[in-house]
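# Structural description and commentary
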Amino acid sequence: MVPVLNSDTRNTVERVVLDRRSVRRFLPDPVPPAVVADVLRLAVWAPSPHNVQPWRFTVLSRPADRERLATAMAGRLAEVLKNDGVAADLIEQQTERSIVRINNAPVVILCSLVADGLVSYADGERRTLEWQMAVQSVGAVMQTIFLLAWTRDLGTCWMAAPMYCPDVVRDCLNLPSSYEPQALTLMGYPAAPGKVRPRRSPDAVVDMR
């Protein structure tokens, strides 16, 4: 028989989903490595195409590592914004905000993708779709991380910056060339509650047939 959640468990899951918020300001208190490891141990039960689990995690808990990564990515961001014709003061503002946000997070988790296990089709269209499925699995595993962290009184925030400079991230963290950096999860104990942002009405996004 398929297991059925009891009402208490179901209500708890619903409460966690509704209460989770993106947190961008953290207390300086360190997050125990065992807590981070436990979150990731459970998060890998998220779904993925063919169950290949294409995600790889790099956990940055040392300030020097976070600062090095933040500075390197900000340098690339500054180059891009300059080429876009953005004013120098705005470039400085955006890059500084990114650096501060990463440096102030007690834990930063990089999620990368690898192609290991994905089906290698002869045609490019299906190869592209296979990779797209893997990318979609990043959303699943990161959402699982966010929810698990919230149950441990930890706030999290998603940063997609690595997607814009994967070479910089690989070089900075000495990652294998097979790693495709996708996103950062900033994690720590919240210094302030996350903002409650409105959601679209189900009627606007759901087509029941």
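Above this text is the structure in question.
For the structure given in this document, a descriptive report is provided here.

### Quick notes on the overall build of the protein
From N to C terminus, the protein includes 7 helices and 4 strands. The order of α-helices and β-strands along the protein, N terminus first, is α-α-β-α-α-β-α-β-α-β-α. Classification of the 209 residues of the protein by burial places 35% in the buried group. Taking as baseline every contact in the protein between residues at least 6 positions apart, the subset at least 24 positions apart corresponds to 80%. Separation of charge centres in the protein, based on 24 positive and 22 negative side chains, amounts to 3 Å.

### Some points on the pairing of strand β2 (residues 107-113)
For β2, the tally of buried residues reaches 7 of 7 residues, placing the bulk of the element in the interior. Alternating residues of β2 divide into Val107, Ile109, Cys111 and Leu113 and Val108, Leu110 and Ser112, and every residue in both groups is buried. Pairing of strand β1 (residues 55-60) with β2, which is carried by 6 bridges, proceeds in the antiparallel orientation. When the sheet's bridge partners are listed, arginine 56 is paired in β2 with serine 112. Bridge analysis of β2 against strand β4 (residues 180-188) gives 7 bridges, and the strand direction is antiparallel. From the neighbouring strand, serine 112 faces β4, where its bridge partner is proline 181.

### Examining helix α1 (residues 7-19)
Given a rise of 1.5 Å per residue, 13 residues ought to cover 18 Å, and the 18 Å separating the end C-alpha atoms of α1 matches this to within 8%. Sitting at the head of α1, asparagine 6 places a side-chain oxygen 3.1 Å from the backbone nitrogen of aspartate 8.

### Describing the environment of asparagine 51
Of note, asparagine 51 is situated in the loop between α2 (33-43) and β1. Between the C-alpha atom of asparagine 51 and that of leucine 118, which follows or precedes it by 67 residues, the distance is 9.4 Å. At 3.2 Å, the side chain of asparagine 51 and the side chain of glutamine 53 are in polar contact.

### Some words on the packing of helix α3 (residues 63-83) against helix α4 (residues 88-103)
One way to put it is that α3 packs onto α4 with a least axis distance of 9 Å and a crossing angle of 160°. Put simply, α3 runs roughly antiparallel to α4. For the crossing formed where α3 meets α4, the hand is right-handed. The segment α3 lies against α4, with Arg66, Glu67, Ala70, Thr71, Met73, Ala74, Leu77, Ala78, Leu81 and Lys82 engaging Ile91, Gln94, Thr95, Ile99, Ile102 and Asn103. Classifying every residue of the contact of α3 with α4 gives 9 nonpolar, 4 polar and 3 charged.

### Considering the pattern of salt bridges
Tallied over the full model, the rule gives 10 salt bridges. Its salt-bridge partner being aspartate 65, residue arginine 62 comes within 2.9 Å of it at the nearest N-O pair. Taking relative accessible area as the criterion, aspartate 65 reaches 12% and is therefore assigned buried. Look at the salt bridges and you will find they share partners, linking Asp38, Arg41 and Arg152 into a network.

Parameters at a glance
- Residues numbered from 1 in each chain as written.
- Predicted model: local features only at pLDDT ≥ 70, side-chain atom pairs only at ≥ 80, totals over all residues.
- Heavy atoms only, no water.
- Helix = DSSP H or I, 4+ residues; strand = E, 2+ residues; numbered from the N terminus.
- Buried < 20%, exposed > 50% of the residue type's maximum accessible area, 1.4 Å probe, protein only.
- Contact = heavy atoms within 4.5 Å.
- Lys, Arg positive; Asp, Glu negative; His and termini not counted.
- Charge placed at Lys NZ, Arg CZ, Asp CG, Glu CD.
- Pairing = 2+ DSSP bridges.
- Expected span 1.5 Å × (residues − 1).
- Polar contact = N/O pair within 3.5 Å; in protein donor to acceptor, adjacent residues only side chain to side chain.
- Axes fitted to C-alpha atoms, helices over the stretch in contact; angles between N-to-C directions.
- Parallel < 35°, antiparallel > 145°, perpendicular 65-115°, else oblique.
- Left-handed = near helix turned anticlockwise from the far one by under 90°.
- Nonpolar A, V, L, I, M, F, W, Y, C, P; charged D, E, K, R; others polar.
- Salt bridge = Lys/Arg side-chain N within 4 Å of Asp/Glu carboxyl O.

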